[in-house]
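Residues per chain, in single letters:
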Amino acid sequence: MADTHQEGAGTGADFDLSQFYQIFFEEAGENLDQMEQMLLDLDLDAANDEELNGIFRCAHSIKGGAATFGFADVAELTHQMESLLDRLRRHELQVIAPMVDVLLESADASRSLLARHQAGGQGEAMSTQDLVRRISTLAAGGVPAAAPAPVAPAPLPAPLPAPQEAQAQQGQAAADGTRALEIHIGPLAQPALAEAIKDLFRDIPGLGSIDDLPDERPGMRRFAVRTASTDEDLLDLFAFHVAKEQVAIHAAGAPAAAPQAAPQAPPEPYGFFAGAPGVPVDEVAAAALAAPAPRPAAPRAGAEPKAASQASMESSTIRVAVNKVDQLINLVGELVITQAMLAQNSRGLDAGLHQQLLAGLADLDRNTRDLQESVMSIRMIPMSIVFNRFPRMLRDLAGKLGKKVDFVTHGEATELDKSLVEKITDPLTHLVRNSLDHGIELPDDRIAAGKAEHGTLSLSASHQGGSIVIEVRDDGKGLSREKILKKARERGLDVSDAMPDGEVWNLIFAPGFSTADVVTDVSGRGVGMDVVKRNITSLGGSVEIDSAEGYGMRVSVRLPLTLAIMDGMSVGVADEVYILPLSSVVESFQVNADDVNTVAQGSQLVKVRDEYMPVVSLERIFDVPRPNAGEGSSIMVVVEADGSRVAVLVDELLGQHQVVVKNLETNYRKVPNVSGATILGDGTVALILDTAALVRRARH
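Residues numbered from 1 in each chain as written. Predicted model: local features only at pLDDT ≥ 70, side-chain atom pairs only at ≥ 80, totals over all residues. Heavy atoms only, no water.

### Quick look at the packing of helix α4 (residues 97-118) against helix α5 (residues 129-139)
Thinking step 1. For the pair α4 and α5, interaxial distance at closest approach is 10 Å and the crossing angle is 150°. The angle between the axes of α4 and α5 places the two elements in the roughly antiparallel class. The hand of the α4/α5 crossing is left-handed. In this structure, α4 uses Pro 98, Met 99, Val 102, Glu 105, Ser 106 and Ala 109 to contact α5, whose residues at the interface are Leu 131, Arg 134, Ile 135 and Leu 138. (Axes fitted to C-alpha atoms, helices over the stretch in contact; angles between N-to-C directions. Helix = DSSP H or I, 4+ residues; strand = E, 2+ residues; numbered from the N terminus. Parallel < 35°, antiparallel > 145°, perpendicular 65-115°, else oblique. Left-handed = near helix turned anticlockwise from the far one by under 90°. Contact = heavy atoms within 4.5 Å.)

### Here's the deal with the sheet that holds strand β15 (residues 585-590)
Thinking step 1. Pairing is mixed in the open sheet, where 6 strands are placed in the order β15-β19-β20-β18-β17-β16. Strands with a single pairing partner mark the edges of an open sheet, and in this sheet they are β15 and β16 (596-598). Pairwise comparison of adjacent strand axes, ignoring direction, gives a mean angle of 35° for this sheet.
Thinking step 2. Direction of pairing for strand β18 (residues 611-617) relative to strand β20 (residues 644-650): parallel, over a ladder of 3 bridges. Residue pairing across strands places Val 616 opposite Val 648, the latter belonging to β20.
Thinking step 3. Contacting β18, β19 (635-641) and β20, helix α22 (residues 691-699) crosses the sheet at an angle of about 100° to β19. (Pairing = 2+ DSSP bridges.)

### Quick look at the packing of aromatic side chains
Thinking step 1. One pass over the structure, following the stated rule, counts 6 aromatic pairs.
Thinking step 2. Ring centres of Phe 24 and Phe 71 lie 5.8 Å apart, and the angle between their planes is 45°; on these two criteria the pair is classed as tilted. Placement of the pair is Phe 24 in helix α1 (residues 18-41) and Phe 71 in the loop between α2 (49-69) and α3 (72-89), with a sequence separation of 47 residues. The same class applies to Phe 24 and to Phe 71, which are both buried.
Thinking step 3. Seen from their ring centres, Phe 25 and Phe 71 are 5.9 Å apart, and the 10° between their planes marks the pair as stacked. With Phe 25 in helix α1 and Phe 71 in the loop between α2 and α3, this pair connects stretches of sequence that are 46 residues apart. Each member of the pair, Phe 25 as well as Phe 71, is classed as buried.
Thinking step 4. Members of the aromatic cluster, joined through ring pairs, are Phe 24, Phe 25, Phe 69 and Phe 71.
Thinking step 5. Above the face of the Phe 56 ring, Arg 89 is positioned so that its terminal group lies 4.1 Å from the ring centre. (Phe/Tyr/Trp six-rings, centres within 6.5 Å; stacked < 30°, edge-to-face > 60°. Buried < 20%, exposed > 50% of the residue type's maximum accessible area, 1.4 Å probe, protein only. Lys NZ or Arg CZ within 6 Å of the ring centre and 35° of its normal.)

### Let's talk about the sheet that holds strand β4 (residues 221-227)
Thinking step 1. Taken in spatial order, the 4 strands line up as β3-β4-β2-β5 in an open sheet, and their pairing is antiparallel. Two strands bound the open sheet, and with one partner strand each, they are β3 (209-213) and β5 (247-251). Adjacent strand axes in the sheet meet at a mean angle of 25°, parallel and antiparallel pairs treated alike.
Thinking step 2. As paired elements, strand β2 (residues 179-185) and β4 share 7 bridges and run antiparallel to each other. Paired with Glu 182 across the bridge in β4 is Ala 224.

### Brief notes about the pairing of strand β17 (residues 604-608)
Thinking step 1. Residues Gln 604, Val 606 and Val 608 line the buried face of β17, whereas the alternating positions Leu 605 and Lys 607 sit on a face that is not buried.
Thinking step 2. By the bridge criterion, 3 bridges tie β16 to β17 in an arrangement that is antiparallel. Following the sheet pairing, Val 596 is matched in β17 by Val 606.
Thinking step 3. In this antiparallel pair of consecutive strands, β16 and β17, the connection spans 5 residues, and Gln 601 shows a positive phi of 60°.
Thinking step 4. By the bridge criterion, 4 bridges tie β17 to β18 in an arrangement that is antiparallel. Residue Lys 607 lies in a different strand from β18, and its bridge partner there is Tyr 612.
Thinking step 5. Hairpin geometry of β17 and β18 is characterised by an intervening segment of 2 residues between the two adjacent antiparallel strands and by a positive phi of about 50° at Arg 609.

### What about the side chain of Ser 547?
Thinking step 1. Within the element layout of this structure, Ser 547 appears in strand β11 (residues 542-548).
Thinking step 2. Only 2.8 Å separates the side chain of Ser 547 from the backbone nitrogen of Leu 479, close enough to count as a polar contact.
Thinking step 3. Excluding its chain neighbours within four sequence positions, the residues that come into contact with Ser 547 are Gly 478, Leu 479, Trp 505, Gly 552 and Met 553. (Polar contact = N/O pair within 3.5 Å; in protein donor to acceptor, adjacent residues only side chain to side chain.)

Dropping the structure here:
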């Protein structure tokens, strides 16, 4: 396996992350789409925890990816969204319509920011200060819960008075800090909207006063307002009822933008429409209405680069639903079974009489293997795609936390199914960040503890029999048993001091559980390990934690074999056929009965080149009936898993060939020491052995 070593996360060589940008942009787009749909479907009167947690996880995933690639503007905005959503899912706030509005607007803003990054930073970056301020206000409970839902603006606003110079708009403040303003609003589709705006001044203490002013234009309303609020605050407040483009704010007494009696010289409109020189805006609007397609709204910064980048992306890649690829792989698997059946039945044919048929079967064999390899390559990608995301993230995070760390990777060439890679990336990100944040100590603390100034964080991947094992290790301070139990008691969990270490470590997977004292943009919300457990369990995998306080921690993620087709070695025991994954087979040899030694409790050992190895008898494990009682197994196959080797005792080696993996648990039930089943060429079923389970059995 290839090993790489990155010296110092803060001083290592620069890594080209551009190869991973496309994956991030696609995943972020999917998360934004999912978030938008969930927000639109959210029941304000009875929002359940699962809905809020789902929206929170979308924002959390986007934030993590944006921080990894250095997109600080997206990370900051989604972090603010996360803070509001965190209070909602903890039931510290009640969901109201303005919250949904600002989250949807923030999702749109995130899209624009990501589109700009995807286009290489072209165009002017849009400001998110207003959104961040509104989110912060809502998170602090600063908006009345009774704020009505926003109403869509009229599609074609009529001309409005132009905004005056900044000092005129802000107006002169009185001694008490209030300003006299004149506000023009319209055109309004519903007259009741103007009354709703007036209600705001009556319902919100300290907002100010509002009075009607005459306005003869259809659908337009004019008000005299005295308030201490800024123009931006008023626009945000009115945005719950009308679009900002329908509002114009002037200092009281400022000259009108244009007299109504002079339509031939219209003012510059305060909104979407800008007519050609000398053309009244009313005529521009009429022309737009007569056009076959509606005039689009003015694009925000980043909109055009987004369109260009999407066009480029779609021309080079095709996004296909995973279930379609699964169906294709299943069909190829059935083709492999059919080909094996034909090959087996053709062995007794006379080559001279059936030369053309046998040649066709040979071509079918070759083409079937090529097709299988091509189809599998669609889904198989190396772990380096995942591992190479982390050096940049660790370098930035280590600098933020004031820590020094060496990042070591093993097994980057290990290939993994794409669906697994997509689902394992987020959990691995949490595990790596947690190791650096909670595990690796500050340089001074490490020196005081007698450790090297630089901590070591390693990430490894390997195929072990029928499983894929990914490990995250660090040589930090490890988990504190006392601290975890203390936090668990504070949360009301049923714990005791007599719990074994393994059960104590598993407490950190509880939803919302965190040992962090302060919530930061790195950790402390209690969502990281919850996501790890959720995603791994959904894949049918398991997570194991091994920790020693003061020495470090190891998290092992074990995922089941998901390859639909694999190379295997078929072995015979009496009349039964079993399949050993070829990747686990080391060697095979003939053995004499005298070479096998029986030790305590009936366990057997065999000496192989000065090394004693446990013997596993398939005949005993599976209780295989033997017609001739005097016969015995005389061949041993050495298999390796979990870093250990055992010798499997069999009767004969039948050969190496491709086998189609069928999930036995789904179609029957879980069988010990078996990872799956396959259909042989003669139609019989053979069990695929779980070599890791056999090794663990021999150990015990």
